[in-house]
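Observations on the three-dimensional arrangement
Residue-level listing of the chains:
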Amino acid sequence: AQKVTQAQTEISVVEKEDVTLDCVYETRDTTYYLFWYKQPPSGELVFLIRRNSFDEQNEISGRYSWNFQKSTSSFNFTITASQVVDSAVYFCALSRDNAGNMLTFGGGTRLMVKP
Amino acid sequence: EPEVTQTPSHQVTQMGQEVILRCVPISNHLYFYWYRQILGQKVEFLVSFYNNEISEKSEIFDDQFSVERPDGSNFTLKIRSTKLEDSAMYFCASTHVGVQETQYFGPGTRLLVL
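Residues numbered from 1 in each chain as written. Chains lettered and ligands numbered in written order. Predicted model: local features only at pLDDT ≥ 70, side-chain atom pairs only at ≥ 80, totals over all residues. Heavy atoms only, no water.

1. Re the nonpolar core
In terms of nonpolar packing, the biggest core is built from 23 residues, with W36(A), F75(A), F77(A), Y90(A) and L111(A) touching the most fellow members. At the level of secondary structure, the elements contributing two or more residues to this core comprise strand 2 (10-14), strand 3 (19-21), strand 5 (32-39), strand 8 (64-69), strand 9 (74-79), strand 10 (88-96) and strand 12 (109-114) of chain A. With four residues, the single largest contributor to this core is strand 10 of chain A. Among all residues touching Y90(A), those that are not within four sequence positions of it are Q6(A), L21(A), W36(A), Y37(A), K38(A), L48(A), Y64(A), F77(A), I79(A), G108(A), T109(A) and L111(A). In this structure, V19(B), L46(B), F49(B) and C92(B) belong to the second largest nonpolar core, which totals 21 residues. (Core = buried A, V, L, I, M, F, W, Y, C linked by side-chain atoms within 4.5 Å. Buried < 20%, exposed > 50% of the residue type's maximum accessible area, 1.4 Å probe, protein only. Helix = DSSP H or I, 4+ residues; strand = E, 2+ residues; numbered from the N terminus. Contact = heavy atoms within 4.5 Å.)

2. So, the interface of chain B and chain A
Contacts between the two partners involve 21 residues from chain B, matched on the other side by 21 residues from chain A. Both sides together, the interface formed by chain B and chain A hides about 1,800 Å², and carbon and sulfur atoms give 54% of it. For the pair chain B and chain A, the interface holds zero salt bridges. Listed by contribution, the elements that provide at least two residues to the side of chain B that touches chain A are strand 4 (31-37), strand 5 (43-50), strand 6 (53-57) and strand 10 (104-105) of chain B. Per element, the largest residue contribution to the side of chain B that touches chain A is four residues, and it comes from strand 4 of chain B. Residue composition of the side of chain B that touches chain A, by class: ten nonpolar, eight polar and three charged. (Buried area = accessible area lost by both parts, 1.4 Å probe. Salt bridge = Lys/Arg side-chain N within 4 Å of Asp/Glu carboxyl O. Nonpolar A, V, L, I, M, F, W, Y, C, P; charged D, E, K, R; others polar.)

Structure representation (structure tokens):
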């Protein structure tokens, strides 16, 4: 069975601070995919990144960066110089490498960025 | 940019009533999904659909639920006899190929069962 754990249920920072959202996953599969989605107060799910299990290169996209470490089964997400618009719930998710590839979501981390 | 659309955005129904939630996936996508999110909780997989049949379903997706692609564009989720615990946000998603592609989500339908 697959499992995703986001231990931080809620984080509060002041604008311009850096913040890291943790994600730890469990799977027996040798190949799999990891995702981060953002859920703003309006409720939709916005795709941020997809990473496959055989690519451990870290990725940076503007103020966002992701650190994938297979050895610790973690896929952490860092926002640099946070802004109020970053306030949202962030979900980490895992999928198998097979047809149908259902996403298993973590419980989410609510990030509040205060001005 | 193409996107997944869902209707209605909100639905209120009485317990025991049937509801149909509608989704229009991105036009060249082949795999379709339904997820639900009970208020304040995580997003849970319900079912995936490919080539006019269910490819995978979760324990939540019992006989009360069904899915259908009635035409070339719509993808529907039917709940036959709603229960209070069916109150949730229901998300539709689609992917181009399915196995290795990213799932893009619609804006959701908030269902309230009274």
